[in-house]
Amino acid sequence: MKTRTKLPIGAAAAALAACGIAQARDCSESTLEGLYVFSATGFNIVQGAAQPKAVTEFIRFNGNGTLTVPAATVSLDGVVIRSPPNGTGSYTVSSDCTGSLQFNDRAHASFDLFIAADGHTIYMNQTGGALPGVLQGRAESLSD
């Protein structure tokens, strides 16, 4: 039985190394540049009750740690809110392709970032904001 366990673990480690997951990366703020569409779902906690939320927005990463939001729509417990264009924020990216993002709006939402090495896909998990809750989603590059 130990032989069976060792083989899949060894094969999994080799597969991870081969596809670059276990290898060092080389990301920076310039990895994220151009227009992305972000889509996410989750919920806020308001007075102890979970309220569903969904977000779809464009995020323009400027390649230098700053960003703008040309358009955003949020549904909070069924109430739809369209944000005014040109919201702002900032982000950092580490060489291992992880990072953080902070929006400068009244919700002050912050996120952890997990970035594909080519910068075309970003997985985002909310880590803070004006209301406690959960929001997880993905941003895809619309730029070539």
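Residues numbered from 1 in each chain as written. Predicted model: local features only at pLDDT ≥ 70, side-chain atom pairs only at ≥ 80, totals over all residues. Heavy atoms only, no water.

(A) Geometry of the packing of aromatic side chains. Across all of its chains, the model carries 4 aromatic pairs by this definition. Ring centres 4.9 Å apart and planes at 85 degrees place the aromatic pair F61 and Y91 in the edge-to-face group. Taken together, the positions of F61 in strand β2 (residues 49-62) and Y91 in strand β5 (residues 87-93) put the pair 30 residues apart, joining distant regions of the chain. You can call F61 buried: its relative accessible area is 1%. With centroids separated by 5.9 Å and ring planes inclined at 85 degrees, the aromatic side chains of F103 and F111 adopt a geometry described as edge-to-face. (Phe/Tyr/Trp six-rings, centres within 6.5 Å; stacked < 30°, edge-to-face > 60°. Helix = DSSP H or I, 4+ residues; strand = E, 2+ residues; numbered from the N terminus. Buried < 20%, exposed > 50% of the residue type's maximum accessible area, 1.4 Å probe, protein only.)

(B) Local environment of the nonpolar core. L32, F61, L101, F111, L113, I122 and M124 are the most contacted members of the largest nonpolar core, which has 25 residues in total. Among the secondary structure elements, those contributing two or more residues to this core are β1 (33-46), β2, β3 (66-76), β5, β6 (98-103), β7 (110-115), β8 (121-128) and β9 (133-141). Of all the elements, β3 adds the most residues to this core, at 4 residues. Ignoring any residue separated from it by four or fewer positions in sequence, one finds L113 in contact with L32, Y91, T92, C97, T98, G99, S100, L101, I122, Y123 and M124. (Core = buried A, V, L, I, M, F, W, Y, C linked by side-chain atoms within 4.5 Å. Contact = heavy atoms within 4.5 Å.)

(C) Structural detail: the pairing of β2. In this structure, β1 lies alongside β2, joined through 14 bridges in antiparallel fashion. Along β2, the bridge assignment pairs N44 with Q51. What sits between the antiparallel neighbours β1 and β2 is a turn of 2 residues, in which Q47 has the positive phi angle 50 degrees. Bridge count between β2 and β3: 8 bridges; the pairing is antiparallel. Across the sheet, R60 pairs through a bridge with T68, a residue of β3. Taking the residues that link successive antiparallel strands as the turn, the β2-β3 hairpin has 3 residues, and the phi of G63 there is positive, at about 80 degrees. (Pairing = 2+ DSSP bridges.)

(D) Highlighting the pattern of salt bridges. On inspection of all chains with the given rule, the structure shows 1 salt bridge. Close ionic contact of E140 with R138 constitutes a salt bridge, the shortest N to O distance being 2.4 Å. What makes R138 partly exposed here is its relative accessible area of 40%. (Salt bridge = Lys/Arg side-chain N within 4 Å of Asp/Glu carboxyl O.)

(E) Representation of the side chain of E57 in the model. Structurally, E57 is set in strand β2. Those residues in contact with E57, other than ones at most four positions away along the chain, are Y36, V37, F38, V69, A71, A72 and F103.

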